[in-house]
Amino acid sequence: MSETKSYTGGCQCGRVRYEVQLDLSKPVIACNCSMCGRAGTMLAFVPPDQFTLRSGEDVLTDYQFNHNVIHHLFCRVCGIKSFARGKGRDGGVQIAVNTRCLDDVNIDQLNVQKFDGRSR
Ligand SMILES: [Zn+2]
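Keep in mind the model is a prediction, meaning the values are calculated, not measured.

Let us look at the sheet that holds strand β7 (residues 70-75). The strands making up a sheet are joined through hydrogen bonds of the backbone, oriented either antiparallel or parallel. The strand order across the open sheet formed by seven strands is β6-β7-β8-β9-β4-β3-β10, and the pairing between neighbours is mixed. The sheet is open, and its two edges are formed by β6 (60-63) and β10 (112-115), each paired on a single side. For this sheet, the mean angle separating the axes of adjacent strands, direction not counted, is 30 degrees. As paired strands, strand β3 (residues 28-31) and strand β4 (residues 42-46) are joined by two bridges and run antiparallel to one another. Bridging across to β4, Ala30 finds its partner in Met42.

Below is the structure:
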């Protein structure tokens, strides 16, 4: 049973804005790797056809580390990481949305699943 809905979100200063189709009844990922553990991101993964960047491509800064499969994109004005682009295990592009950056979503009601990214 899918509860996919349309959400909007973006960075703090408002330059980066996107729209995403998400099923938030599914678990979101809290990872403890050197990046997510510091930033506190809670990620939901969607295929690129469920994600539309409305504005802000010009202010996104790309940061890569480790295996360089994920583009950690942050707003160069306010510094917020509202989403990332990466490759899934099957090689296809995946968008990782930081659910903390979605409008009108109560973070406390999300089903958070811990992921041990530090040990990978
Ligand atoms: Zn910003």
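Attention now goes to the pattern of salt bridges. Under the definition given, this model contains three salt bridges. Between Asp103 and Arg17 there is a salt bridge whose closest N-O contact spans 2.6 Å. One end of the pair, Asp103, is in the loop between β9 (93-98) and β10; the other, Arg17, is in strand β2 (residues 17-22), and 86 residues separate them in sequence. The partly exposed category is assigned to Asp103, whose relative accessible area is 27%. A salt bridge links Arg85 to Glu57; the nearest nitrogen and oxygen atoms lie 3.1 Å apart.

Rules behind the numbers
Residues numbered from 1 in each chain as written. Predicted model: local features only at pLDDT ≥ 70, side-chain atom pairs only at ≥ 80, totals over all residues. Heavy atoms only, no water. Pairing = 2+ DSSP bridges. Helix = DSSP H or I, 4+ residues; strand = E, 2+ residues; numbered from the N terminus. Axes fitted to C-alpha atoms, helices over the stretch in contact; angles between N-to-C directions. Salt bridge = Lys/Arg side-chain N within 4 Å of Asp/Glu carboxyl O. Buried < 20%, exposed > 50% of the residue type's maximum accessible area, 1.4 Å probe, protein only.

Don't take any of this as a statement about function, it's just geometry.
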